[in-house]
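Overview (structure and organization)
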Amino acid sequence: MDLQTKALHAGYTKDSQGTMAVPIYQTTAYEFRDVQHAADLFSLKELGNIYTRLNNPTTDVFEKRFAELEGGEAALATSSGMSAIFFAIANAAEAGDNIICARQLYGGSLTLSTHTLKRFGIEARFFNVHDTSSLESLIDDKTKVIFFESLTNPSIDVADIEVITKIANKHGILSVVDNTVATPVLCRPFEHGADIIVHSASKYTTGQGLAIGGILVERKNLIEKLKANPRYEQFNKPDASYHGLIYVDTNLPPYTLRARLSLLRDLGAVSSPFNSWLFIQGMETLSLRMREHSKNALELAHFLESHPKVKKVNYPGLQSNSNYKNAQKYFDNGACSGLLSFEVETFEEAAKIVNATKLYSLVVNIGDSKSIITHPASTTHQQLSKDELNACGVPAGLIRISCGLESIMDLIADMKQALEA
Ligand SMILES: *Cc1c(COP(=O)(O)O)cnc(C)c1O
């Protein structure tokens, strides 16, 4: 089935009422038939609902449907993109281990890996997504994850996914790909060798900036990689916190199962049924929206490239962009999502343009149907010096746009008046 058909139907069987829209199961807990039934659910002899911190029928549809879109086996919804990323890493690594991350990461992921994971005894090592030659030399027998973004936020680079997953596979290491900006509509990392995909559902999945959420997806047949793999004894040796369960022996997708039974159960970063329902609504139109976001962004990028005040435009759909080749290889029809950035001469000039736009909202979000503008040097990257800004690819005059679904004529006209104000 085509992705758009799955986005409307996958994972949902209508109840006895014939309910067309997926119902919101707004409940904390579920009644067991009798003591034996309860015992069977707790021992996984039978699968079913226990408590909404572990599972919920609305969230279940969201998880099954999203797994289908990515072409994965199973998924686990979480309360935010950050918790999905934390779960993806903490499921594989513990104190004394290390992970290898692309330098070009979302700000929150960068802080998580450099500072917060360090407090848990997990070391992060970094490689440049444009130069994977040093990647292999960072690996040792304590390396548990290679983590990168398919389309990076905010630097807007496209990873050479196959080169990275090949190195991970050679060493039996799990690769984790953040596919938030590309979405499964434009890019499917499992087809290029990835093991785990994570998303912030707060962006294109909800699509209208309605809710914070995240999801972790496991590829098909991951069990083969984990079985007898000395790096991942937590999956192939008995789990003392779950009466000696051996995850790879359960015949259930082991990565999401362990993330659910240990991390979600104990840390509690669960998606609320209502938010899961909002994500289901968003998914129905995801592929239609991604086409329009990409089309608008490309036209806006062409306009900006032709404007004398603009020094440089970063959009992987432009032939002038260094990511163009990877974008053509990894993205459906070369469509590159709605994120772009451009550079003007100075900090002051950038601030003037941002203030002069009327249609673009000054917001630190992306993936909304409404267009968004941000000036990293005055907000997310405020603490950095001019040299530091240049080093991390965020010059003082850089403006980032999340191109929305307004008419492109209006978006260009507003940008033109702001540039010339
Ligand atoms: C927003 C974002 C996140 C974090 O997601 P939240 O839902 O805000 O926790 C992670 N990765 C990328 C690429 C993002 O854009």
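Residues numbered from 1 in each chain as written. Predicted model: local features only at pLDDT ≥ 70, side-chain atom pairs only at ≥ 80, totals over all residues. Heavy atoms only, no water.

What counts, and what does not: UniProt positions are given in the numbering used here, feature names are shortened, and annotations may be inferred rather than shown by experiment.
As recorded in an unreviewed UniProt entry, the protein goes by O-succinylhomoserine sulfhydrylase and comes from Sulfurimonas xiamenensis. The annotation that UniProt attaches to the protein under Sequence similarities (unreviewed entry) is "Belongs to the trans-sulfuration enzymes family. MetZ subfamily." According to the UniProt record, the Cofactor (unreviewed entry) comment for the protein is "pyridoxal 5'-phosphate".

1. As for the pattern of salt bridges
Opposite charge on two side chains lets them pair, provided their charged atoms get close. Rules: The term salt bridge refers to a pairing of a side-chain nitrogen on Lys or Arg with a carboxyl oxygen on Asp or Glu at a separation within 4 Å. Buried, partly exposed and exposed residues are distinguished by accessible area as a fraction of the type maximum, computed with a 1.4 Å probe on protein chains only: under 20%, between the cut-offs, and over 50%, respectively.
By the definition in use, this model includes 21 salt bridges. Residues glutamate 224 and lysine 227 are paired through a salt bridge, measuring 3.9 Å at the closest nitrogen-oxygen approach. Judged by its relative accessible area of 47%, glutamate 224 falls in the partly exposed class. Residue classification places lysine 227 among the partly exposed positions, given a relative accessible area of 40%. When salt bridges with common partners are traced through the structure, they connect Glu123, Arg125 and Asp140 into a single cluster.

2. Remarks on the layout of surface pockets
Inclusion rule: Here a cavity denotes grid points, spaced 1 Å and computed from the protein atoms alone, that fit a 1.4 Å probe unable to get out, and a pocket denotes an open set having protein on both sides within 12 Å along at least 5 of 7 lines; residues with an atom within 4 Å of a point are the lining. Grid points are joined across faces, edges and corners, and a volume is the space filled by probe spheres set on the points. The helix and strand labels rest on DSSP assignments: H or I over at least four residues marks a helix, E over at least two residues marks a strand, and numbering proceeds from the N terminus. The residue classification treats Ala, Val, Leu, Ile, Met, Phe, Trp, Tyr, Cys and Pro as nonpolar and Asp, Glu, Lys and Arg as charged. All others, Gly included, are polar.
Roughly 700 Å³ of internal volume is contained in the second largest pocket. Listing elements by their share of the lining of the second largest pocket, those giving two or more residues are helix 3 (57-70), strand 1 (74-78) and helix 10 (254-267). A per-element tally of the lining of the second largest pocket places helix 3 first, with 6 residues. Its residues placed into classes, the lining of the second largest pocket shows 16 nonpolar, 10 polar and 7 charged.

3. Observations regarding the UniProt feature "modified residue: N6-(pyridoxal phosphate)lysine" (unreviewed entry) in the protein
Keep this limit in mind: The contact definition used throughout considers only heavy atoms, calling two residues in contact when any of these lie within 4.5 Å.
In the UniProt entry, the feature "modified residue: N6-(pyridoxal phosphate)lysine" (unreviewed entry) is given for Lys203. Locating lysine 203 in the fold gives a position in the loop between strand 6 (196-200) and strand 7 (214-218). Apart from residues lying up to four places away in sequence, lysine 203 is in contact with Tyr106, Thr180, Asn365, Ile366 and Gly367.

4. Thoughts on the domain arrangement of the protein
Our working rule: Throughout, the edges of the domains are those of an automatic or database domain assignment. Buried area, as used here, totals the accessible surface that two parts lose on assembly, with accessibility defined by a 1.4 Å probe and the loss added over both. In protein, a polar contact means a hydrogen-donor-capable atom and an acceptor-capable atom, both N or O and within 3.5 Å, with residues adjacent in sequence counting only if both atoms are side-chain atoms; elsewhere, any N or O pair within 3.5 Å suffices.
Once the domains are mapped, the protein shows domain 1 (3-281) and domain 2 (287-419). In this structure, domain 1 and domain 2 have C-alpha centres spaced 29 Å apart. On the domain 2 side, the residues contacting the 30 residues of domain 1 number 31 residues. Contact with domain 2 buries area across many residues of domain 1, yet Ile156, Leu186 and Tyr204 alone supply 31% of it, more than any other trio. If you look at where domain 1 meets domain 2, you find 2 salt bridges. Residue aspartate 332 pairs with arginine 188 through a salt bridge whose shortest N-O separation is 3.2 Å. Our count for the domain 1 to domain 2 interface comes out at 17 residue pairs in polar contact (both at pLDDT 80 or more).

5. Concerning the packing of helix 4 (residues 81-90) against helix 5 (residues 107-119)
Applied cut-off: Where helices are involved, their axes are fitted lines through C-alpha atoms of the stretch in contact, as for all axes, and angles between N-to-C directions lie from 0 to 180°. Oblique is the label for any angle not covered by the other classes, which are roughly parallel (under 35 degrees), roughly antiparallel (over 145) and roughly perpendicular (65 to 115). Each crossing is labelled by how the near helix is turned from the far one, with a counterclockwise turn of less than a right angle marking it left-handed and a clockwise turn marking it right-handed.
Contact geometry for helix 4 and helix 5: axes closest at 11 Å, N-to-C directions at 45°. Put simply, helix 4 runs oblique to helix 5. Considering how the two elements wind past one another, helix 4 and helix 5 form a crossing that is right-handed. On helix 5, the residues that touch Met82, Ile85, Phe86 and Ile89 of helix 4 are Gly108, Ser109, Leu112 and Leu117. Partitioned by chemical class, the residues of the contact of helix 4 with helix 5 number 6 nonpolar, 2 polar and no charged.

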